[in-house]
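Structure at a glance
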Amino acid sequence: GAGVSQSPSNKVTEKGKDVELRCDPISGHTALYWYRQSLGQGLEFLIYFQGNSAPDKSGLPSDRFSAERTGGSVSTLTIQRTQQEDSAVYLCASSMGGGFVEQYFGPGTRLTVT
Amino acid sequence: AQKVTQAQTEISVVEKEDVTLDCVYETRDTTYYLFWYKQPPSGELVFLIRRNSFDEQNEISGRYSWNFQKSTSSFNFTITASQVVDSAVYFCALSEANNNAGNMLTFGGGTRLMVKP
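Report follows, based on the coordinates.

Observations regarding the overall build of chain A
Scanning chain A for helices and strands turns up zero helices and 10 strands. In terms of overall dimensions, chain A has a C-alpha envelope of 40 × 30 × 25 Å along the principal axes. Across chain A, contacts joining residues at least 24 apart in sequence account for 54% of those joining residues at least 6 apart. If you sum the accessible surface of chain A, you get close to 5300 Å²; carbon and sulfur atoms cover 46% of it. When the 10 positive and 11 negative side-chain charges of chain A are each reduced to one mean point, those points stand 4 Å apart.

What follows is the structure, given as structure tokens:
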């Protein structure tokens, strides 16, 4: 079946602009995760959704970052007033939820802020 | 707080050699899961294995094997008779139960494996 998909695959934006990153999880997966992979910080957790709810947003790097999930499916990660340090690969993963189950990752969105 | 350490940042071997990737973790929880993921040059993280904290039985899958030892907080990964296609970055990860963060993964820094023909 279809895996996790993310769009766009690459995004180049100017500093100060807003960007939206999209994630389509595997159908039926109730849990959705966003991570960020950068050279300096490695792979870091950003936010988790169970259904449409994100219980804790403290993993988001700053208040310029926000995320939402609608219909228990698609999620968007929005970065406002982008900065150069936001440049990274943003990865989305989904899992069946309800316990300790493996997460399946999308191909990521490579964000470059110039 | 949880932590995963992969001390080997880069390993280079010649095809057909065996190679072991080390992973050491820290956690205060008694219930947790450990994972290995592969990230080939294409960039997508590929799930390889999950082990829970109550099952220390070693696992073998083809040329891959995993050794989980709670006494040393280690979860090492061995590739037997390595092949060029095994070249990738390998990540070890830890997941604890967390109501607010689900089963978020804490990753190690990764080990880049280069298999030369």
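Quick notes on the overall build of chain B
A tally of helices and strands in chain B yields zero helices and 12 strands. Across chain B, helices and strands are ordered from the amino to the carboxyl terminus as β-β-β-β-β-β-β-β-β-β-β-β. Accessible area for chain B stands at about 5800 Å²; split by element, carbon and sulfur atoms hold 46% of it.

So, the pattern of salt bridges
Applying the stated criterion across every chain yields a total of seven salt bridges over all chains. Across the pair Asp 86 of chain A and Arg 64 of chain A runs a salt bridge whose closest N-O atoms are separated by 2.8 Å. Here Arg 64 of chain A lies in the loop between strand E5 (42-50) and strand E6 (65-69) and Asp 86 of chain A lies in the loop between strand E7 (75-79) and strand E8 (88-95), a separation of 22 residues in the sequence. The exposure class assigned to Asp 86 of chain A is buried, which follows from its relative accessible area of 2%. Arg 64 of chain A sits in the buried class, given a relative accessible area of 12%. Of the charged contacts in the structure, one is a salt bridge between Asp 55 of chain B and Arg 51 of chain B, with a shortest N-O distance of 3.2 Å. Among the residues examined, Arg 51 of chain B registers a relative accessible area of 8% and is labelled buried. In this structure, a network of salt bridges that share partners links the residues Arg 51, Asp 55 and Glu 59 of chain B.

Comments concerning unusual backbone geometry
With the exception of glycine, most residues fall at negative phi, and the peptide bonds are largely trans. A cis amide bond links Ser 7 of chain A to the next residue, Pro 8 of chain A, at an omega of -10°. As for its placement among the helices and strands, Pro 8 of chain A is situated in the loop between strand E1 (5-7) and strand E2 (10-13). The backbone phi angle of Ala 81 of chain B is positive, close to 50°, even though this residue is not glycine. Residue placement: Ala 81 of chain B occurs in the loop between strand E9 (74-79) and strand E10 (88-96).

Considerations on the side chain of Thr 78 of chain B
Residues and elements named next belong to chain B. Relative to the assigned elements, Thr 78 resides in strand E9. A polar side-chain atom of Thr 78 sits 2.8 Å from a polar atom in the side chain of Thr 20. Apart from the residues within four sequence positions on either side, Thr 78 is in contact with Val 19, Thr 20, Arg 63, Tyr 64 and Ser 65.

Definitions and cut-offs
- Counting restarts for each chain, with residues numbered from 1 along the sequence as it is written.
- For this description, chains carry letters from A and ligands carry numbers from 1, given in the order in which they are written.
- For a predicted model such as this one, the threshold for reporting local features is a pLDDT of at least 70, and the threshold for listing and counting side-chain atom pairs is 80 or more; totals across whole chains, interfaces and linings nevertheless cover every residue.
- Here the side-chain values reflect all heavy atoms present in the structure, with hydrogen atoms and water set aside.
- Helix and strand assignments come from DSSP, with helices taken as H or I runs of at least 4 residues and strands as E runs of at least 2, each series counted from the N terminus.
- Contacts between residues were defined by any pair of non-hydrogen atoms, one from each residue, lying within 4.5 Å.
- To measure how exposed things are, a 1.4 Å probe is used in the Shrake-Rupley method; for residues, cover is taken only from the protein chains shown.
- In this tally Asp and Glu are treated as negative and Lys and Arg as positive; neither His nor the chain ends contributes.
- Charge positions come from single atoms, namely NZ of Lys, CZ of Arg, CG of Asp or CD of Glu.
- Any Lys or Arg side-chain nitrogen located within 4 Å of an Asp or Glu carboxyl oxygen qualifies as a salt bridge.
- In this scheme, a residue with accessible area under 20% of its type's maximum is buried, one over 50% is exposed, and one in between is partly exposed, where area comes from a 1.4 Å probe on protein chains only.
- Pairs of N or O atoms are called polar contacts if they sit within 3.5 Å, as long as, within protein, a hydrogen donor faces a hydrogen acceptor (for residues adjacent in sequence, only side-chain-to-side-chain pairs).

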